[in-house]
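This is what each chain is made of:
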Amino acid sequence: MRGLYIHMPFCKQICSYCDFPKMVSSIENYRIYLDAIKKEINSKRNDLEGITSIYIGGGTPNVYPDNLLEELLDYIYPYLKNSKENTIECNPELITDSQAKLFYKYGINRVSLGVQSISPSALSLLGRHHKMEDVTQAINILRANHIQNISMDFIFGFPNEDIDTLLADLDYVYSMNVPHVSFYSLILEDKTIFSYLLSKGKLKLLDDDIIADMYDIINKRMKEHGYKHYEVSNYAKEGFESIHNELYWKEEEYVGIGMGASGFIKPYRYSNYKSLKKYLELVEEEKIEIDSSEEKKEFMMLGLRMLDGISLSYYEMKYHSSPILDFDLSKHIDSGILKIEDDRLFIPEDKLFIANIVYEEFV
Ligand code: SF4
């Protein structure tokens, strides 16, 4: 398995919580950036043999006009046509019929929609500019254009959110019956609008206990509606787990293209510059060799995000040792935060909210 990630950094506006590599759209930069990523793709073509999944993320990839989006899709079509899962992240209010037709024409078979919430006041607080009706319309357009594998991203635990708001978001998920949903707990990152407001005393965060209750509600209700909770923040109908994301969680190789993207081609991990100017001039910021102790830590950290956890025999085959010996895990097994069943070492669903206690072993 090997993936390709392409980062499209432009957004119409900046959301209050966002710390992704992004910048406000400027039409004159679209062409310059497209030429730069085509050049980077060409320079990494030897690593792109046998790509099994492609993810075009952002930023907001579908802020691009159709002609430039088509130029990108056409350029990577040799990879798209042979890859199993091809995802593009989209803002719902920007999806058009002609755009969905392009997706279908070039083999995009999965669309991830940034919904976040359907509550108008929540969307306004989060800095999003769509309405629930835009999401419904986007899903209808995609389905009319043969794209059934749709994922919706939601955020929970944001300031002022109450249980009724969360329940309304969950009910909307079930009414749209999409096969994949992500619920991310709000993380307050530095250098975001939220962190600025918090520092000025203009924002009050929810208590951890309330957020933990919300997470329990999500887990319970998603299960009741036929979604498998397969990763800390991800839920899927049978057979719709994200192939591309599993590749990150399972420490497989991937090529990252674009501003702020990172890649992992053994034994190297590299990151591209997060500033457009530097990316256009120099592309990569750093390339570091990952030694086996670092690789083990990443394998454990990412693998334990999966509800199935890690396979002990796979770990032994890969590293010729046991994670119980390599890390101080016995105390977590004794306390019940970690469990072993057959060949699997995993964090039980009801302990995921305190999983950081285990993750600290791998930092
Ligand atoms: S959350 Fe997404 S749409 Fe909002 S600013 Fe960040 S990258 Fe852009």
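Residues numbered from 1 in each chain as written. Predicted model: local features only at pLDDT ≥ 70, side-chain atom pairs only at ≥ 80, totals over all residues. Heavy atoms only, no water.

> How do you make sense of the overall build of the protein when you look at a structure like this?
Tallying secondary structure elements over the protein gives 16 helices and 17 strands in all. In terms of overall size, the protein behaves like a compact globule, its C-alpha atoms giving a radius of gyration of 21 Å where 363 residues would be expected to give roughly 21 Å. Each principal axis of the C-alpha distribution contributes one length, and for the protein these read about 60 × 50 × 45 Å. Per-residue burial over the protein gives 53% buried out of 363 residues. (Helix = DSSP H or I, 4+ residues; strand = E, 2+ residues; numbered from the N terminus. Rg over C-alpha atoms; globule rule 2.2 N^0.38 Å. Buried < 20%, exposed > 50% of the residue type's maximum accessible area, 1.4 Å probe, protein only.)

> Would you mind going over the UniProt feature "domain: Radical SAM core" (unreviewed entry) in the protein with me for this structure?
In this numbering, the UniProt entry assigns the feature "domain: Radical SAM core" (unreviewed entry) to residues 1-228. Regarding residues 1-228, the helix share stands at 43% and the strand share at 19%, and the terminal C-alpha atoms are separated by 23 Å. (UniProt positions renumbered as here; feature names shortened; annotations may be inferred.)

> Before we go on, may I ask you to explain the site of the ligand in this structure?
Every residue close to the ligand is listed here: C11, Q13, I14, C15, Y17, C18, F20, G58, G59, T60, N91 and R128. Class assignment for the residues of the shell around the ligand results in 6 nonpolar, 5 polar and 1 charged. (Near = heavy atom within 4 Å. Nonpolar A, V, L, I, M, F, W, Y, C, P; charged D, E, K, R; others polar.)

> Just to check I follow, could you spell out the domain arrangement of the protein for this structure?
For interface size, the figure often reported is the accessible area lost on association. Taken domain by domain, the protein consists of domain 1 (2-247) and domain 2 (300-363). One C-alpha centre belongs to domain 1, the other to domain 2; they are set 29 Å apart. Every contact between the two is made by 13 residues of domain 1 and, on the other side, 8 residues of domain 2. Of the roughly 940 Å² buried at the junction of domain 1 and domain 2 (both faces included), carbon and sulfur atoms supply 59%. Here domain 1 and domain 2 share 2 salt bridges between them. Across the pair R305 and E231 runs a salt bridge whose closest N-O atoms are separated by 2.5 Å. (Domains from an automatic or database assignment. Contact = heavy atoms within 4.5 Å. Buried area = accessible area lost by both parts, 1.4 Å probe. Salt bridge = Lys/Arg side-chain N within 4 Å of Asp/Glu carboxyl O.)

> Teacher, can you tell me more about helix 9 (residues 208-224) here?
At 3.6 residues per turn, the α-helix brings residues three or four places apart onto the same side. In this model, helix 9 (17 residues) spans 24 Å end to end at C-alpha, consistent with the 24 Å of a helix rising 1.5 Å per residue. For helix 9, every residue scored as buried is listed here: I211, M214, Y215, I218, N219, R221 and M222. If you follow the buried residues of helix 9, they end up packed against strand 7 (150-156), helix 7 (163-176), strand 8 (180-185), strand 9 (228-231) and strand 10 (234-236). Looking one or two residues past helix 9, G226 carries a phi angle of roughly 85°, positive in sign. (Expected span 1.5 Å × (residues − 1).)

> It is not clear to me how the packing of aromatic side chains should be interpreted in this structure. Could you clarify?
Between two aromatic rings, the relevant description is the distance of the centres plus the angle of the planes. Counting across every chain of the model gives 19 aromatic pairs. Ring plane angle 45° and centroid distance 5.8 Å describe the contact between Y33 and Y279, whose orientation is recorded as tilted. Linking Y33 in helix 1 (residues 27-43) with Y279 in helix 11 (residues 276-282), this pair joins segments that are 246 residues apart in sequence. Looking at Y33, the relative accessible area reads 0%, which means it is buried. Looking at Y279, the relative accessible area reads 1%, which means it is buried. Measuring from centroid to centroid gives 6.1 Å for F156 and Y215, while their planes differ by 5°, and the two rings are stacked. Residue F156 is found in strand 7, and its partner Y215 is found in helix 9; the two are separated by 59 residues along the sequence. In this structure, K237 packs its charged tip against the face of Y227, placed 4.5 Å from the ring centre. (Phe/Tyr/Trp six-rings, centres within 6.5 Å; stacked < 30°, edge-to-face > 60°. Lys NZ or Arg CZ within 6 Å of the ring centre and 35° of its normal.)

> Would you mind going over the sheet that holds strand 16 (residues 339-341) with me for this structure?
The strands making up a sheet associate through hydrogen bonds between their backbones, and the pairing can be parallel or antiparallel. Across the sheet, which stays open at both edges, the 3 strands sit in the order 15-17-16 with antiparallel pairing between neighbours. Single-partner strands in this sheet number two, and they are strand 15 (310-311) and strand 16. Where strand 16 lies against strand 17 (residues 344-346), 3 bridges are found, and the strand directions are antiparallel. The residue bridging E341 from the neighbouring strand is R344, located in strand 17. (Pairing = 2+ DSSP bridges.)

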